[in-house]
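# Structural description and commentary
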Amino acid sequence: MADTPKTLVRRTPWPVSSSRAVVTPLQPSVVYASASPDALDDQYEGRAQGYTYAREGHPNADVLAQKIDGMEGASGGFILGSGMAAVTAAMLGCLKSGDHVLGGDQLYGRSMRMMANELPRLGIETSLADPTDVAAMAAALRPNTRMILIEVVSNPTLRVADLTGIAALARDRGILLAVDNTFTTPRGVRPFDHGADIVIHSVTKLLAGHSDVTLGYVAARDPEVGAEMLGTSVTLGLTPSPFDCWLAERGLYSFELRYDRAEENAAALADAIAPLPGVKRVLYPMRSDHPDHNRAVHLLNGRGGAMVTFEIEGGRTQTNALVQAAENIAFAPTLGDIGTTLSHPATSSHRALSPERRAALGLGEGVFRVSVGVEPIDLLIEEFTKAISAAKHA
Ligand SMILES: *Cc1c(COP(=O)(O)O)cnc(C)c1O
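The following paragraphs examine the structure supplied in this document.

So, how was this worked out
Residues numbered from 1 in each chain as written. Predicted model: local features only at pLDDT ≥ 70, side-chain atom pairs only at ≥ 80, totals over all residues. Heavy atoms only, no water. Helix = DSSP H or I, 4+ residues; strand = E, 2+ residues; numbered from the N terminus. Rg over C-alpha atoms; globule rule 2.2 N^0.38 Å. Buried < 20%, exposed > 50% of the residue type's maximum accessible area, 1.4 Å probe, protein only. Contact = heavy atoms within 4.5 Å. Areas by Shrake-Rupley, 256 points an atom, 1.4 Å probe, with all protein chains shown as cover. Lys, Arg positive; Asp, Glu negative; His and termini not counted. Charge placed at Lys NZ, Arg CZ, Asp CG, Glu CD. Near = heavy atom within 4 Å. Polar contact = N/O pair within 3.5 Å; in protein donor to acceptor, adjacent residues only side chain to side chain. Nonpolar A, V, L, I, M, F, W, Y, C, P; charged D, E, K, R; others polar.

### Considerations on the overall build of the protein
Of regular secondary structure, the protein possesses 14 helices and twelve strands. Here the protein has a C-alpha radius of gyration of 23 Å; the compact-globule value for 394 residues is 21 Å, and the two agree. With respect to the three principal axes, the spread of C-alpha positions in the protein is 75 × 65 × 35 Å. Residues classed as buried in the protein amount to 50% of the 394 residues present. Of the contacts formed within the protein by residues at least 6 apart in sequence, a portion of 71% connects residues at least 24 apart. If you sum the accessible surface of the protein, you get close to 18900 Å²; carbon and sulfur atoms cover 53% of it. Seen as two clouds, the 35 positive and the 44 negative side-chain charges of the protein have centres 3 Å apart.

### A look at the site of the ligand
Taken together, Ser82, Gly83, Met84, Tyr108, Glu151, Asp180, Thr182, Ser202, Thr204, Lys205, Leu215 and Leu335 make up the full set of residues adjacent to the ligand. Separating an oxygen atom of the ligand from a backbone N or O atom of methionine 84 is a distance of 2.9 Å. Side-chain polar atom of threonine 204 to an oxygen atom of the ligand: 2.6 Å apart, as the coordinates give it. Compared with its free state, where it exposes 380 Å², the ligand has 92% of that area covered by protein. For the shell around the ligand, a count of residues per class yields four nonpolar, five polar and three charged.

Structure (structure tokens):
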């Protein structure tokens, strides 16, 4: 048999087409070849635009970042490999040894661990205060406080932070205010409009919306702060995969439809389960019995979001029975999927807390959080009614 002709490894050129693809191309290339050392110099010195190496940036990340920038009223935001990578970028890009960071006292579990374990190892002081109470936040500031990190709506208690008050406090004291907007999304609130300096997202959740990528996003009001965070992220290797960015962009096109439908479902589900026997309480920001109802109405423009938390009577026997009876709902510790998911904070997101601390937050064994999806509402109500009744009779 004749040998095939020898060639250098060179990719065949992309086929020419006089029509254009309507979908964003996926570009997985790690490296980009330049025409000459002069051309590469121009790129590195900012005289010419271009990609060099995917850890430093790639087109699929930039397309996705620009889309989220548009939604948040931001510019220069960028994508990271996870929501926690975005939290890391904000923290390590802006803080140094000797600084203090004040966090809301109900942050996402891993953000809590960052405050408790990782930052102190680097000589960064941390503490927590209640973000629904601006006086408590003010009292917790120290002379070396450099950053405040809050979430607008807490998981799973759905308490609404005094974003406007905290933003004024941060501005007065020259402190960076970072807002993790994962839960509320720009459809609920745009933190930059209220004075935030940094906005963080776990794109994994509602924005991408299909539970098939982990990604994060961070943007800063001040381009210098943005550049610091980006530099840190590229060095630490926090940057994302092109395919994940491509999938998330695809998910983002239906974000507004998904969000509006899920929110409408959440409001209806909250009202449907509140009167059921065996239900102790239901938390939803747009219900008048919610502790932060008035603030939610103003800050969230009347939007309650896609999460509903409820508590049933009884113990583990009842919670096991509820999950088993809700056979068409995934019992999974995440949120923001297109389908409804159910989580049990005491055994998942809040299992690291002591039972006393959980009790203080009102997160006993009977508490569930529903991340409401886009299903027909009558089916959702039927499923939860059946499950709550099974728990009551267990
Ligand atoms: C999930 C989540 C994160 C972390 O995001 P990952 O993509 O899982 O790393 C951060 N903040 C909030 C509010 C979240 O819900």
